[in-house]
Each structure stands twice: as C-alpha cells, then as structure tokens.
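Read off the chains here:
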Amino acid sequence: MFLFLYLGLETHAQVSPKPIGIVDLIDHVTAFSPALAADSAVVDIRAAHLKETAANALPNLKLNYQADLGTNNNVTGPYMAFGIVPSNSRGVRTVSNTQAALTNLGIVSLDWEIYNFGAYKAQNAVAKSELVAEHSRFAQRRYETRAIAIDDYLTLLKLQDMLSIQQQNIKRNEQINRSIISLARSGIRPGVDTSIAGAELSKSRLNYIEMDNTYKKVQLDIAAISGLNPQNIVADSTILDRLKLLEVNLSVNLTDSSSHPLLDFYRNHYFSSIEKENLVKKAYNPKVSLQAAVWSRGSSIDANDNFNRLSTGLYWQRENYLVGLGISYNLFDLRRRQLKLRTQKANSNFYLKELKQERLMLSNAALQAGVEINTAHKRLEEIPNQLKAASAGYRQKLSLYKNGLTDIIELNTALNILYRAESDFVNAKYLYIRALFQRAIATNQVDSLLNALK
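Heads up: these notes are all about the structure in this document. This structure is a prediction, so every number in the text was calculated from the model and none was measured. (Residues numbered from 1 in each chain as written. Predicted model: local features only at pLDDT ≥ 70, side-chain atom pairs only at ≥ 80, totals over all residues. Heavy atoms only, no water.)

Quick look at helix α2 (residues 22-32) now. Among the residues of α2, I22, V23, L25, I26 and V29 are the ones counted as buried. Mapping the buried residues of α2 onto a view down its axis gives an arc of 160 degrees, with all of them on the same face. (Buried < 20%, exposed > 50% of the residue type's maximum accessible area, 1.4 Å probe, protein only. Helix = DSSP H or I, 4+ residues; strand = E, 2+ residues; numbered from the N terminus. Arc of directions from axis to C-beta.)

Take a look at the structure:
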C-alpha cells in the first residue's frame with residue numbers, strides 16, 4: 001500500500017509542471033530567440049562596416065621593385081601605350097641593337113586624396129546612419145518577437161481553459177451515458193437513447209483530442225523561440241484576476257511614439273536615406289590629391305651607351321623624387337549626380353510615407369484595442385448570467401430526463417448550451433487580455449504592463 005501511495009505521488013509530481021508567468025516567458029524569448037541572435041549578428045556587421053568606412057580617407061603608400069632583362073632598341077615617335085606597350089627609355093641609335101641589358105627599379109609611391117569637399121564626412125555619416133537603422137531593425141524584430149510570444153502565450157492560456165471545459169463536458173456526457181444505460185436496462189428509456197448518448201460522448205472525446213493537438217503545437221511554437229522544454233510550458237491561469245486587481249489603465253494615444261520600436265525602424269531608415277542624399281551631393285565633387293614618389297634605378301648600359309656586364313645592372317645608380325598636388329573633376333558627373341540624387345530622393349519619400357502609414361496603423365490599432373477592451377468588460381459582466389442560467393437549465397433537464405419527463409434531444413441541447421456558455425466565458429477572458437496587450441503593443445507600453453505583472 002505504501003509503495004502504491006509513493007508511486008501515485010511521484011506520478012502526480014511529474015504531470016503537474018509549474019506554470020510559467022508571461023514575464024518570465026518574455027525574458028526567455030528575449031535571451032534565446034534564434035531570429036534575434038541572427039539580427040544581432042547583422043548589427044555587428046554594420047558596426048564593422050562603420051570602421052571600414054572610416055578608413056576610406058587613408059592614403060595609398062606602395063612599395064615596388066623590379067629587375068628586368070631585355071633589349072634597349074628604340075625609335076623616336078609618339079604613341080599611346082594602352083596599358084600593353086612596355087616602357088623602353090632612350091635606346092635610339094642609328095642601327096638596330098638587340099644586345100641584352102639588365103635594369104632594376106625600386107619605387108615608393110604615395111597617392112592620397114587629401115580633400116574631396118566633404119565626401120569622406122558624408123560617407124562616415126551614411127555608415128553611422130546605417131548602423132543606427134540596423135539597431136532599430138533589431139529593436140523592431142525584438143518587439144515583434146515579444147508580441148508573437150505574448151500572442152502564443154494567450155492562445156496557450158485559452159486552450160488550457162478550453163481543455164478543462166472539455167474535460168468537464170466529457171464527464172457530464174459520461175454521467176448521462178451511465179444514467180441512460182441504467183434507465184434503458186430498467187426499460188424506462190428506449191435503447192436508441194444509449195446510442196445517441198454514446199455518439200455525444202465520442203464526439204466530446206474527439207473534440208478534446210483535437211484541442212490537445214493544437215495545444216501541443218502552440219507549446220512547440222513557444223519552445224522554438226524561448227528554448228524551454230515544451231512539456232513544461234504551462235500558462236498562468238491567474239493572469240486575468242491579476243490584471244483586474246491592478247486596474248491597468250493604458251493610454252489610447254501614442255504617448256511613447258518618439259521611441260516606439262515599430263516607428264523607429266522607418267524613421268531611422270528615412271534619416272539614413274537623407275544622409276545618402278547628402279553623400280550623392282558630395283561624392284561627385286572635385287577631388288584634391290597629393291601624389292609623391294621616390295625611386296632609384298640601375299642599368300647595365302652606361303651613360304656613354306656602352307653595354308656592360310649584366311651584373312652591373314643590379315645596383316642602383318640614380319635616385320629621384322617627385323611631389324605633386326592636383327585636382328580632378330569630371331564634368332559629366334553633374335548629370336550623374338542629378339540622376340542619382342533624384343533616385344535617392346524618391347527612396348527617402350518612400351520611407352517617409354511608410355513612417356506615416358505605420359503611425360496611422362498603430363493609432364488605429366490602439367483605438368480598436370480600446371473599443372475591444374470596453375466590449376470585453378461588458379462581456380465579462382454579462383457572462384455570469386449566461387453561465388448561471390445555462391447551468392441551472394442543464395441540471396433541470398437532467399433531473400427531468402431521469403424522471404422520464406423529457407427526451408434525450410432536449411437534454412443534449414441543454415448540455416450544449418452549458419458548454420457554449422462556458423466556452424463564451426473562456427473566449428471573453430481571452431479577448432479582454434488580448435485587447436489589453438494589443439493596446440500596450442500599439443502604444444509602446446508593453447514594458448509597463450509586464451512590470452505591473454511582476
């Protein structure tokens with residue numbers, strides 16, 4: 001007997017996981033969500049790109065060395081090299097000479113775009129704005145992920161209540177079925193009533209199976225974004241009473257619209273597009289460059305045009321330097337800038353309209369949630385009357401049926417009315433809580449609501 005008692009206690013402990021509060025769930029989702037981890041990596045990419053952009057102003061300092069073996073057999077006259085004709089200095093003689101010569105050349109060259117009328121600054125500003133925009137995108141995804149987690153949690157809570165109601169409905173059908181079997185054996189009720197009662201019982205069990213299937217799917221959805229064991233994800237059924245006791249009053253207006261994550265995404269992308277407009281204006285400006293070079297040369301051909309030993313061409317014999325300051329500008333860049341700026345302005349206008357549309361949608365969502373909350377209050381006030389009447393009607397019909405004063409059809413009708421009343425109560429609770437969170441999401445007051453539930 002003690003062994004069976006111990007096993008019973010162990011089984012009860014295993015099948016009764018502790019409910020998880022909505023605040024704890026949101027914390028798990030924020031810390032674990034794979035989608036947020038990927039978005040965080042994208043933010044790191046933008047931060048690295050900002051550092052890369054800051055290095056655009058660095059000069060090019062190149063070290064070059066070459067040793068060449070070949071002929072020095074040249075003629076006078078101009079030509080365009082096209083990048084494929086090798087340089088062959090001097091070597092103009094009265095007769096052709098194909099004797100080999102060895103030369104070497106070492107060069108240190110500097111190429112530095114020292115001023116471009118604000119282009120570097122504009123590039124850095126664009127990179128910074130893209131980093132800010134990516135941060136806002138991450139905040140938007142985090143906000144949306146939390147909203148999804150809240151919606152899944154409330155769905156789970158509703159399904160828990162519906163499963164509990166369905167279990168009660170199954171027990172009522174089992175009670176009716178047992179009574180009908182007893183009455184049919186006594187000859188008080190026809191045998192067809194047992195078939196009808198059996199069909200209703202089977203139907204209620206099938207409904208429970210379908211609800212349980214949906215319940216487990218929602219558990220898996222929550223586990224995928226929170227990292228929790230799906231079997232341990234049980235919603236806290238006391239949340240409705242806690243919300244009522246707190247008397248949470250959320251503003252219908254966008255009181256925190258200046259920092260709303262869903263608005264910041266479009267606002268920062270708009271600002272980034274404005275910075276890109278400025279970059280287009282600066283990118284086609286003239287460019288001032290500093291160029292310098294120091295080089296040494298050696299050749300096996302001396303100043304008297306004598307071809308010496310090839311090894312003499314390995315030593316540097318002459319040194320030179322050259323420093324220059326230049327400015328360049330492409331006149332057709334005026335047209336290119338005009339076209340590109342027109343495209344970028346259209347992009348900025350798109351983000352501005354998206355921002356206005358999102359603000360309007362959030363305002364409308366907040367107003368609709370307010371209407372739903374008021375309606376939900378009325379539902380919750382009226383539902384007890386429906387439950388009381390439906391429960392009393394069912395008990396009366398059951399008593400009448402047992403005494404042979406009504407039939408199975410009317411009893412099932414009363415049972416269905418009671419089940420619908422209980423379902424309406426669960427749905428009313430769900431719609432009230434959901435509307436409350438929807439208003440909080442639309443008005444950027446989710447943290448305030450969650451903090452009140454701690």
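Taken together, L61, L63, V108, V294, Y321 and V323 make up a surface patch of nonpolar side chains, about 690 Å² in accessible area. Taken together, the elements giving at least two residues each to the nonpolar patch come down to β1 (60-71) and β4 (318-328). Within the secondary structure, Y321 is located in strand β4. Residue classification places Y321 among the exposed positions, given a relative accessible area of 67%. (Patch = residues over 30% accessible without salt bridge, like charges linked within 9 Å, V, L, I, M, F, W, Y side chains within 5 Å. Areas by Shrake-Rupley, 256 points an atom, 1.4 Å probe, with all protein chains shown as cover. Salt bridge = Lys/Arg side-chain N within 4 Å of Asp/Glu carboxyl O.)

This next bit is on unusual backbone geometry. Its identity as a non-glycine residue notwithstanding, D305 has a phi of 70 degrees, on the positive side. Here D305 falls in the partly exposed class, since its relative accessible area comes to 26%. The phi dihedral of N444 falls on the positive side, at around 60 degrees, and the residue is not glycine. Here N444 lies in the loop between α9 (408-442) and α10 (446-452). Given a relative accessible area of 17%, N444 falls into the buried group.

Moving on to helix α3 (residues 34-54). The end-to-end C-alpha distance of α3 is 31 Å, a good match for the 30 Å that 21 residues give at a rise of 1.5 Å each. Considered for burial, the residues of α3 that qualify are L36, D39, V43, L50 and T53. Burial along α3 is one-sided: seen end-on, the buried residues are contained in an arc of 85 degrees. Facing away from the buried side of α3 by more than 90 degrees, the exposed set consists of D44, I45, K51 and E52. Where α3 is buried, its residues touch α2 and α4 (119-185). (Expected span 1.5 Å × (residues − 1). Contact = heavy atoms within 4.5 Å.)

Let's shift gears to the pattern of salt bridges. A complete count under the given rule lists 19 salt bridges for this structure. With its nearest N and O atoms 3.3 Å apart, the salt bridge here joins D236 to R242. Of the residues examined, D236 reaches a relative accessible area of 15% and is grouped as buried. R242 sits in the partly exposed class, given a relative accessible area of 30%. Linked through salt bridges whose partners overlap, the residues forming this network are D39, R46, E130, E134, R137, R141 and K276.

Before going further, it helps to spend a moment on the packing of α4 against helix α7 (residues 261-283). Contact pair α4 / α7: the axes reach a minimum separation of 8 Å and the direction vectors enclose 165 degrees. Between α4 and α7, the angle is such that the two are roughly antiparallel. As for how α4 packs across α7, the hand of that crossing is left-handed. For the contact of α4 with α7, the class distribution of residues is 13 nonpolar, eight polar and seven charged. (Axes fitted to C-alpha atoms, helices over the stretch in contact; angles between N-to-C directions. Parallel < 35°, antiparallel > 145°, perpendicular 65-115°, else oblique. Left-handed = near helix turned anticlockwise from the far one by under 90°. Nonpolar A, V, L, I, M, F, W, Y, C, P; charged D, E, K, R; others polar.)

Right, let's talk about the side chain of D193 for a bit. Structurally, the position occupied by D193 is in helix α5 (residues 192-226). A relative accessible area of 5% places D193 in the buried class. Beyond its immediate chain neighbours, meaning those up to four positions away, D193 contacts I180, Y401 and I408.

Taken together, the four strands give an open sheet; going across it, the order is β1-β2-β3-β4, and neighbouring strands pair in antiparallel fashion. The open sheet is flanked by β1 and β4, the only strands paired with a single partner. Each strand of the sheet is rotated relative to its neighbour by a mean of 20 degrees, with strand direction disregarded. (Pairing = 2+ DSSP bridges.)

Time to look at the side chain of E130. Positionally, E130 belongs in helix α4. Ignoring any residue separated from it by four or fewer positions in sequence, one finds E130 in contact with R46, H49, S272 and K276.

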